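Close look at the chain arrangement
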2 protein chains.
Amino acid sequence: MEKQALQQLNQAVQTVFQQARQHVLTKMGEKLTVAEKTSRKDLVTNVDRSNELFLVQQLRQLDPQAHILAEEGLGDHVTSLAGHVWIVDPIDGTMNFVHQRNHFAIMAGYYVDGEPTLGYIFDVMGNRLYAGGPQIGVTVNGQPLAKPADLPLSDGLFGASAPLLIHNRFQMQAVVDASLGPRIMGSAGIQISQVLAGELVGYLSYLRPWDFAAGRVLAESLGLVVSQVDGTPVNMLSSGAVLVATKRAQRAILAIVTQTM
Amino acid sequence: MEKQALQQLNQAVQTVFQQARQHVLTKMGEKLTVAEKTSRKDLVTNVDRSNELFLVQQLRQLDPQAHILAEEGLGDHVTSLAGHVWIVDPIDGTMNFVHQRNHFAIMAGYYVDGEPTLGYIFDVMGNRLYAGGPQIGVTVNGQPLAKPADLPLSDGLFGASAPLLIHNRFQMQAVVDASLGPRIMGSAGIQISQVLAGELVGYLSYLRPWDFAAGRVLAESLGLVVSQVDGTPVNMLSSGAVLVATKRAQRAILAIVTQTM
């Protein structure tokens, strides 16, 4: 896409995200309907669904030819990254949304023939909208975001996933030990935004496409690296252990993880 | 102390805390001087020291007869809780302060003949000042804070300490498993404030007096319970594993922890 068209789309999507945030804030004042998906730790609410419906409708209006993969299934059945593809998470960190009313995000990633093109992570309660892509740069609430320093693992805090840390999957305890310590927030969107902001040198978790579609675009636009845990490229249509990190932290983490693979 | 005198002191201390926050924010714009205390994961900065000096001077002016126990040693050598005792942490979560410039707190607790009397936790970047005590109630930025619901462990997120979780001290992995999941922020002040706000049903960590002196006052004022990990009372002049929780979560946690003690 041409840069000017991308910039226009970017502005329009940010407006949609502001509306989505208002929708979520309004709905938070009403009684939530909460249901379990695969377990008591995997929740969905009426707000996930209504916000997904809103986002899918709005994005479709902005880009009628796009296919939309959305967490709660209200988009399209997407089996290919050919053409324009949106990957949407209406509320990332639903557990936090339900039990903390804090620390959750609205997210969307835009891929054109598989190329990371635009990404959006809206930390709703922190009121910080990370937006942009490799061609137009990344902003937070409209202000340009500088690339985070390429810190080594030993000089930064590490965003961990609780199950991987407790069960020491992928040597995560050694990874954390080589860092300055782990932080666990329970939202991929919030933790990836902390890597973007330089608050964490990396984040490793088992993720589904909508958990990292936005974050991948934004991270790569800022000189960070996104890969599978063995260093191979991610596939935006499948789930797996995904690492978002500074270049130097990634090297150290891959060395720890792959020595026992 | 009489309620009116306490309310006056409370207002004066909140003014001091606002000044301390401004001091810290100003200093954050300058180059930090960082030193290791006991290890590379135990830091102190010039701002910890300058803010402690400021707080000790101001609190001494408000209450000249008080003894002041402060983390960086710029207060008094306190060996008794007789009389008026302030326990001060100028920056709780120094690692976060240095490496995230976020998620840290300024704290002070006030004990009169050992009785929890006033507490202050200032989430500096979130700009939320928790203040008050059992006689005057608890406010956040001046607005009354309601008591959090007495949720059971199974209905809430749990604030964990990374070393205890990784090494499964005090059965913390079973505790976390019985909850809806762990969250790790790296600051006792921030995590205890999340228990106060109802975002977590409990928090367990190895703490020193200044890590929980403020939080204990505020938590007990809101109907939460603070104890050692075996359920016995805390001692404000010694360190140990401290549990802050709702009454129902505490019962469940003690049952898990003590079955193997």
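Residues numbered from 1 in each chain as written. Chains lettered and ligands numbered in written order. Predicted model: local features only at pLDDT ≥ 70, side-chain atom pairs only at ≥ 80, totals over all residues. Heavy atoms only, no water.

Chain A carries the name Inositol monophosphatase family protein in an unreviewed UniProt entry, which gives Lactiplantibacillus songbeiensis as its organism.

Turning our attention to the sheet that holds strand β9 (residues 143–144) of chain A. Residues and elements named next belong to chain A. The strand order β3-β4-β5-β6-β7-β8-β9 describes an open sheet built from 7 strands, whose pairing is mixed. Only two strands of the sheet have a single neighbouring strand rather than two, namely β3 (67–70) and β9. Note that strand β7 (residues 128–133) and strand β8 (residues 137–140) share 4 bridges and pair antiparallel. Following the sheet pairing, Tyr 130 is matched in β8 by Val 140. Sitting on the sheet, helix α2 (residues 46–62) is in contact with β3, β4 (84–92) and β5 (105–112), with an inclination near 155° to β4. (Pairing = 2+ DSSP bridges. Helix = DSSP H or I, 4+ residues; strand = E, 2+ residues; numbered from the N terminus. Contact = heavy atoms within 4.5 Å. Axes fitted to C-alpha atoms, helices over the stretch in contact; angles between N-to-C directions.)

Next up on the list: the interface of chain B and chain A. Every contact between the two is made by 29 residues of chain B and, on the other side, 29 residues of chain A. For the pair chain B and chain A, the two sides together bury roughly 2500 Å², of which 51% comes from carbon and sulfur. Between Asp 177 of chain B and Lys 41 of chain A there is a salt bridge, with the nearest N and O atoms lying 3.8 Å from each other. Our enumeration of links across chain B and chain A arrives at 27 residue pairs in polar contact (both at pLDDT 80 or more). By residue number, the principal contributor to the side of chain B that touches chain A is helix α5 (residues 172–178) of chain B, which donates 4 residues. (Buried area = accessible area lost by both parts, 1.4 Å probe. Salt bridge = Lys/Arg side-chain N within 4 Å of Asp/Glu carboxyl O. Polar contact = N/O pair within 3.5 Å; in protein donor to acceptor, adjacent residues only side chain to side chain.)

The next thing to look at is the sheet that holds strand β10 (residues 158–159) of chain B. Residue and element names in this part refer to chain B. Pairing is mixed in the open sheet, where 5 strands are placed in the order β11-β10-β12-β14-β13. What marks the edges here is a single partner per strand, and that holds for β11 (182–183) and β13 (225–228). Helix α6 (residues 188–196) contacts β10, β11, β12 (202–207) and β14 (240–245) of the sheet and is inclined by roughly 155° relative to β12. Together, β10, β13 and β14 form the strand contacts of helix α8 (residues 247–258), whose direction differs from that of β14 by roughly 140°.

Turning our attention to unusual backbone geometry. Residues and elements named next belong to chain B. Phi at Arg 101 takes a positive value of approximately 50°, unusual for a residue other than glycine. On the secondary structure map, Arg 101 appears in the loop between α3 (94–99) and β5 (105–112). Despite not being glycine, Asn 168 shows a phi value in the positive range, around 55°. Among the residues examined, Asn 168 registers a relative accessible area of 28% and is labelled partly exposed. (Buried < 20%, exposed > 50% of the residue type's maximum accessible area, 1.4 Å probe, protein only.)

A few words on the domain arrangement of chain A. Residue and element names in this part refer to chain A. Domain assignment breaks chain A into domain 1 (3–144) and domain 2 (153–258). Facing the 34 residues of domain 1 at the interface are 26 residues of domain 2. Counting the surface lost from both domain 1 and domain 2, the interface buries some 2200 Å², and carbon and sulfur atoms represent 71% of this. By the criterion of area lost to domain 2, the three top residues of domain 1 are Tyr 111, Ile 121 and Tyr 130, representing 22% of everything that side buries. Across the contact surface, domain 1 and domain 2 share 1 salt bridge. Between Arg 208 and Glu 71 there is a salt bridge; the shortest N-O distance is 3.2 Å. At the boundary of domain 1 and domain 2, one finds 7 residue pairs in polar contact (both at pLDDT 80 or more). Those elements that provide at least two residues to the side of domain 1 that touches domain 2 are β3, β4, β5, β6 (115–123) and β7. (Domains from an automatic or database assignment.)

With that settled, the discussion passes to the relation of the copies chain B and chain A. Rotating chain B by 180° and translating it 0.0 Å along the rotation axis places it on chain A, where the RMSD comes to 0.0 Å. Both copies of the chain, as the preceding transformation shows, are related through a two-fold rotation axis. Closest approach to the rotation axis within chain B is made by the C-alpha atom of Ile 184 of chain B, at a distance of 2.3 Å. The share of interface residues of chain B whose copies in chain A are also at the interface is 100%, consistent with both copies meeting through the same surface. (Least-squares fit on C-alpha atoms with pLDDT ≥ 70 in both.)

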